[in-house]
Amino acid sequence: MINKQSLSQTIDYVRFPLIVLIIFIHTGIEPFSAELGYTRFNYLRHFVTDELACLGVPLFFFISGFLFFYNSEFSFEVYKKKLKSRVKTLLVPYIIWNLVYVLLKFLSETFSSVQVESKMVKDFGVVDWLQVFWNIREGNPINGPLWFVRDLIIMSILSYIFYYLIKKLNFIFPLLLLMLWVYEAPCLPPFTWQWSFFVLGAFFSITKMDFVYTDNRSLVFSTLMYFFLILYSTYCDTDFYLYKWDRVFGIFCVFGWVYKGIENGRISVNKFLAKSSFFIFCFHYLFEERITMTLMNKLAPVSEVVMLVIYLSVPAIVVLVSLGVYYILTRFMPGVSAILLGSRK
C-alpha cells in the first residue's frame, strides 16, 4: 500500500531535477555541436538531452493526469471545480508569461539592432497576436516551452471524456493511446503522445492502482529496461519502435527509487527548489539561448572541451539566475509572484 504522504513528497522531489533536465533541452547548442562534428560530445549531448531529459515532459504529463483525479470522487461538479481552479493555475500564468516574452521582444527590437524573429511586434496583426498564444514558433506559443501548459489546458478540458473512457475501457484506453504513439499509427490525432501520459497518470489515480514499485526485483527490472532502451537509441537504431517504451519504464524507475529513498529517510524534499520549479519553467526560455550565444562568442574558438563546459555551464547559470529572481519576487513582491505562479504555494 502506497503511503500518501511519501507519494506527495516523491512528486514534489522530482519536480526540480526534471525542470533542470528540460533546461538542458533548450540550451540551443545542438546546431553548433553538429556543425563542428564533435562525435564524442554529440553522443553525450544526445544521451542527456535527447534521452534522459526527454523523460521530463512525459513524467510531468503523467503527474498532471494523476493529480487531476487524485483524492476525489470524480463527478461533473468536481470537474467544473477543477476547471475553475486551472484557470488560475494554468490559463492566467500562460497568458502572462507569453506577454512577458512579447514585451522583452519588443524592448529588444526597440533598443537593439539584433533581430531574433523576422516579424517585429509593432507589425503584429490580429492573426499574429492569436498565434502568440498558440503556434507562432513552429507549432509552439511565443514562449516556446509553454506548449506544455497549452496542451495541459486542453487535456484538462477533455478530462471528463478521459474519465468516462477509463471507467468503460479500464487499462485498454491508456494502452491503446500508448500503442498508437509507439507504433506511429497513420492519421494520429494531435497531442497523441501527450494524451498517452496524461491518461496513464489518470488511469492509476482513478483505479487507485499502485504504480510505485518498491521491491528490488521490479525496480531493478524497470531500471535495466529504461537504460537499455535509451542506450540502444543513443548508439544503435532510433527507428526501433520499442525504444519509445523507455518513457514508460523511466516513469516507474524514477518514482520507485525516489519513493524508496523518501520512505527510507535517505532523501528529503527541498521545499524552496520544489516551489520554484514552475517559475523556472516559465522564466528560463526568456534568456537561456542568449547565454549560450554569449558563451559561444566569448570562448571562441570552440573546442570539444569548451563545448562541454558551455553545455554544463548554461543550465547552471540559468538555474542560479532563475532561483535568484524567484527568491526576490517571492520575498519582496509576493503579490506579483502569486499572479505569475498562478497562486501556487
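Just so we're clear, the structure is a prediction, and the values are computed from it rather than from any experiment.

## A closer look at the overall build of the chain
At step 1: Across its full length, the chain holds 16 helices and zero strands.
At step 2: C-alpha atoms of the chain, sized along the principal axes, occupy 60 × 45 × 45 Å.
At step 3: In the chain, of all internal contacts separated by at least 6 residues, the share reaching a separation of at least 24 is 78%.
At step 4: Working note: accessible area of the chain is about 17,700 Å², and carbon and sulfur atoms make up 66% of it.
At step 5: With 30 positive and 23 negative side-chain charges, the chain shows a separation of 12 Å between the mean positions of the two kinds.

## Thoughts on the packing of helix 9 (residues 172-182) against helix 10 (residues 192-207)
At step 1: Axis separation between helix 9 and helix 10 bottoms out at 9 Å; the angle between their running directions is 155°. Here helix 9 is positioned roughly antiparallel relative to helix 10, judged by the angle of their axes. Like other packed secondary-structure pairs, helix 9 and helix 10 cross with a definite hand, here left-handed. From helix 9, F173, P174, L177, L178, L180 and W181 reach across to helix 10, where they touch T192, W193, W195, S196, F197, V199, L200 and F203.
At step 2: For the contact of helix 9 with helix 10, the class distribution of residues is twelve nonpolar, two polar and no charged.

## Looking at helix 9
At step 1: Within the sequence span of helix 9, burial applies to F173, P174, L177, L178, W181 and V182. Taken around the axis of helix 9, the buried residues stretch over an arc of 165°, which confines them to a single face.
At step 2: Trailing helix 9 by a residue or two, E184 shows a phi angle of about 50°, which is positive.

## What to know about a nonpolar patch on the surface
At step 1: A contiguous nonpolar patch, built from L169, F171, I172, L175, L176, M179, Y183, Y241 and L242 and spanning about 800 Å² of accessible area, is present on the exposed surface.
At step 2: Tallying contributions element by element places helix 9 first for the nonpolar patch, with four residues.
At step 3: In this structure, Y241 sits in the loop between helix 11 (216-235) and helix 12 (246-263).
At step 4: Y241 sits in the partly exposed class, given a relative accessible area of 38%.

## Some words on the nonpolar core
Across soluble globular proteins, nonpolar side chains show a tendency to be buried alongside one another.
At step 1: One finds F148, V149, F211 and F255 to be the most contacted residues of the largest nonpolar core, which totals 98 residues.
At step 2: Looking at which element gives the most residues to this core, the answer is helix 15 (residues 304-332), with ten residues.
At step 3: Beyond its immediate chain neighbours, meaning those up to four positions away, F255 contacts T10, I11, L59, F62, I63, F211 and V212.

## Some details on the state of the cysteines
At step 1: Applying the stated criterion across every chain, the model contains zero disulfides.
At step 2: Just so you know, C54 is unpaired, no disulfide at all, and the nearest cysteine sulfur is the one on C253, 16 Å from it.
At step 3: No disulfide involves C282; its sulfur sits 19 Å from that of C54, the nearest cysteine.
At step 4: With relative accessibility at 1%, the residue C282 sits in the buried group.

## Thoughts on the pattern of salt bridges
At step 1: For the structure shown, the criterion picks out eleven salt bridges.
At step 2: Put simply, R150 and D151 hold a salt bridge, and the shortest N to O gap is 2.9 Å.
At step 3: The exposure class assigned to R150 is buried, which follows from its relative accessible area of 8%.
At step 4: The exposure class assigned to D151 is buried, which follows from its relative accessible area of 1%.
At step 5: Residue R247 is joined to D246 by a salt bridge in which the shortest nitrogen-to-oxygen separation is 3.0 Å.
At step 6: Its relative accessible area of 0% is what places D246 among the buried residues.

Calculation criteria
Residues numbered from 1 in each chain as written. Predicted model: local features only at pLDDT ≥ 70, side-chain atom pairs only at ≥ 80, totals over all residues. Heavy atoms only, no water. Helix = DSSP H or I, 4+ residues; strand = E, 2+ residues; numbered from the N terminus. Contact = heavy atoms within 4.5 Å. Areas by Shrake-Rupley, 256 points an atom, 1.4 Å probe, with all protein chains shown as cover. Lys, Arg positive; Asp, Glu negative; His and termini not counted. Charge placed at Lys NZ, Arg CZ, Asp CG, Glu CD. Axes fitted to C-alpha atoms, helices over the stretch in contact; angles between N-to-C directions. Parallel < 35°, antiparallel > 145°, perpendicular 65-115°, else oblique. Left-handed = near helix turned anticlockwise from the far one by under 90°. Nonpolar A, V, L, I, M, F, W, Y, C, P; charged D, E, K, R; others polar. Buried < 20%, exposed > 50% of the residue type's maximum accessible area, 1.4 Å probe, protein only. Arc of directions from axis to C-beta. Patch = residues over 30% accessible without salt bridge, like charges linked within 9 Å, V, L, I, M, F, W, Y side chains within 5 Å. Salt bridge = Lys/Arg side-chain N within 4 Å of Asp/Glu carboxyl O. Core = buried A, V, L, I, M, F, W, Y, C linked by side-chain atoms within 4.5 Å. Disulfide = S-S within 2.5 Å.

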